[in-house]
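Descriptive analysis of the structure
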Amino acid sequence: MSIRPVQSHTKATPTMEGAGVHLHRAFGFGKTADFDPFLLFDDFRGDSPELYTAGFPWHPHRGIETITYVLAGTVEHGDSMGNRGEITAGDVQWMTAGRGIVHQEMPRGDAAGRMHGFQLWANLPSSEKMTAPRYQEILAGQIPVVTDDDGTQVRVVCGSFWGQTGPVDGIAANPTYLDVYVPPGTRKSLPIDTRLHAFAYVFDGSGTFGAASEPRPVPTEDAYGRTMAEVDNRSLVLFSSGDEVTVETRDEGVRFLLVSGKPLQEPVAWHGPIVMNTREEIETALRDLREGTFLDG
Ligand code: CO
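Here's a quick rundown of the structure. Values in this document were obtained by computation on a predicted structure and should not be read as measured data. (Residues numbered from 1 in each chain as written. Predicted model: local features only at pLDDT ≥ 70, side-chain atom pairs only at ≥ 80, totals over all residues. Heavy atoms only, no water.)

Looking at the metal site, the cobalt ion is ligated by His59 (NE2), His61 (NE2), His103 (NE2) and Glu105 (OE), spaced 2.1 to 2.5 Å from it. What the 4 donor atoms of the cobalt ion show is an angle range of 88 to 174° at the metal, which sorts the shape as irregular. Mapping the donors of the cobalt ion onto the primary sequence yields the spacing H-x1-H-x41-H-x1-E. With His59 in strand 5 (residues 56–61) and Glu105 in strand 10 (residues 101–108), this pair connects stretches of sequence that are 46 residues apart. Across the pair, exposure class does not vary: His59 and Glu105 are buried alike. (Donors = N, O, S within 2.8 Å, 3.2 Å for Na, K, Ca; no water. Tetrahedral: all angles 85-135°; square planar, octahedral: opposite > 155°, others 65-115°. Helix = DSSP H or I, 4+ residues; strand = E, 2+ residues; numbered from the N terminus. Buried < 20%, exposed > 50% of the residue type's maximum accessible area, 1.4 Å probe, protein only.)

Here it is as structure tokens:
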């Protein structure tokens, strides 16, 4: 087994989206190669309603998938196909925009006024960018939870892990989406297919990712302090290649999303919520929006 060294370690930065939702963006609207097939990751946790109730009113998507995971509060959604519903604590909505969808997403707080949620954008390969739109709604109870002897707990939203397979299927980039809790005083290795790009986003507790206490037989360039990352709330860690990720905790546990997917290695033309391969395809999408033909299939 080879431990994936930490390639980069950053913190999500505050930004504003939608009609005025205060959120933290871990990555997005920048270099796309490192995180390919993923495009963007937003953390929209807020402890008071004025931070999030403006929401994300009607807007289009084409060429991507959006994955919304709610930990507290509710996201009410509606779309151009006539779907209406809400995603509540522990639920996941996996939306394949394909050739086009127009929807709105409106966060609502829980009884304590809190809204905690995440949204990940996954790119679609060129062959599936104009596919029919599709939703997968996954209720908290449908997500398998695996607990290891040391108390490590993994919720498997998508992909397979420790013998469990998550409920989301048929996703082009073959992603794995895990919600992982590692208890205090634990050193844990988590396998990830070596062909996949992988990142972790920490949202509670603290720990160290990388080859923390395992001396390498042959020192490599990044064995000198560049393989590890001390992480806490809102840390984003991008891993380089290997077939497992290690995390070590001390006085407190750590909770993070561990996401991996197969790089598409295709050109990216990006215009807001529309992500295609070429500039011409973006122009076509914008013309479709102007002329009211965006949803025609
Ligand atoms: Co949206």
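Ordered in space as 5-10-7-8, the 4 strands form an open sheet in which the pairing is antiparallel. At either margin of the open sheet sits one strand with a lone partner, and together these are strand 5 and strand 8 (84–88). The mean angle between the axes of side-by-side strands here comes to 25°, regardless of whether they run parallel or antiparallel. Bridge count for strand 5 against strand 10 is 4 bridges, and the pairing is antiparallel. (Pairing = 2+ DSSP bridges. Axes fitted to C-alpha atoms, helices over the stretch in contact; angles between N-to-C directions.)

Here we take up the nonpolar core. Counting residues in hydrophobic clusters, the biggest one holds 27 residues, and the most contacted among them are Phe27, Phe41, Leu120, Tyr177 and Phe199. For Phe41, the residues in contact, after removing those within four places along its chain, are His24, Arg25, Ala26, Phe27, Phe118, Gln119, Leu120, Phe199, Tyr201 and Leu257. Within the second largest apolar cluster, 24 residues are counted, among which are Leu196, Val202, Val247 and Val254. (Core = buried A, V, L, I, M, F, W, Y, C linked by side-chain atoms within 4.5 Å. Contact = heavy atoms within 4.5 Å.)

Further remarks concern the packing of aromatic side chains. One pass over the full model with this rule turns up 17 aromatic pairs. Judged by centre distance (5.2 Å) and plane angle (80°), the ring pair of Phe27 and Phe199 falls under edge-to-face. Placement of Phe27 in strand 3 (residues 21–27) and of Phe199 in strand 19 (residues 197–205) is noted, with a sequence separation of 172 residues between them. In this structure Phe27 comes out as buried when scored by relative accessible area, which is 9%. Arranged with centres 5.5 Å apart and planes meeting at 70°, the rings of Phe209 and Phe239 form a pair that is edge-to-face. Of this pair, Phe209 sits in strand 20 (residues 207–209) while Phe239 sits in strand 22 (residues 235–239); the two residues are 30 residues apart in sequence, bridging distant segments of the chain. On the basis of relative accessibility, which here comes to 0%, the residue Phe209 falls in the buried class. (Phe/Tyr/Trp six-rings, centres within 6.5 Å; stacked < 30°, edge-to-face > 60°.)

Turning our eyes to something else, we now look at the pattern of salt bridges. Under the counting rule described, the total for this entry stands at 17 salt bridges. Between Asp34 and Lys31 there is a salt bridge; the shortest N-O distance is 3.2 Å. Accessibility expressed as a relative area gives 26% for Asp34, which makes it partly exposed. Its relative accessible area of 67% is what places Lys31 among the exposed residues. A salt bridge links Arg134 to Asp169; the nearest nitrogen and oxygen atoms lie 3.9 Å apart. Of the two residues, Arg134 sits in strand 12 (residues 134–138) while Asp169 sits in the loop between strand 16 (164–165) and strand 17 (176–182), which places them 35 residues apart along the sequence. Taking relative accessible area as the criterion, Asp169 reaches 46% and is therefore assigned partly exposed. Where salt bridges share partners, they join Glu17, Arg25 and Asp42 into one cluster. (Salt bridge = Lys/Arg side-chain N within 4 Å of Asp/Glu carboxyl O.)

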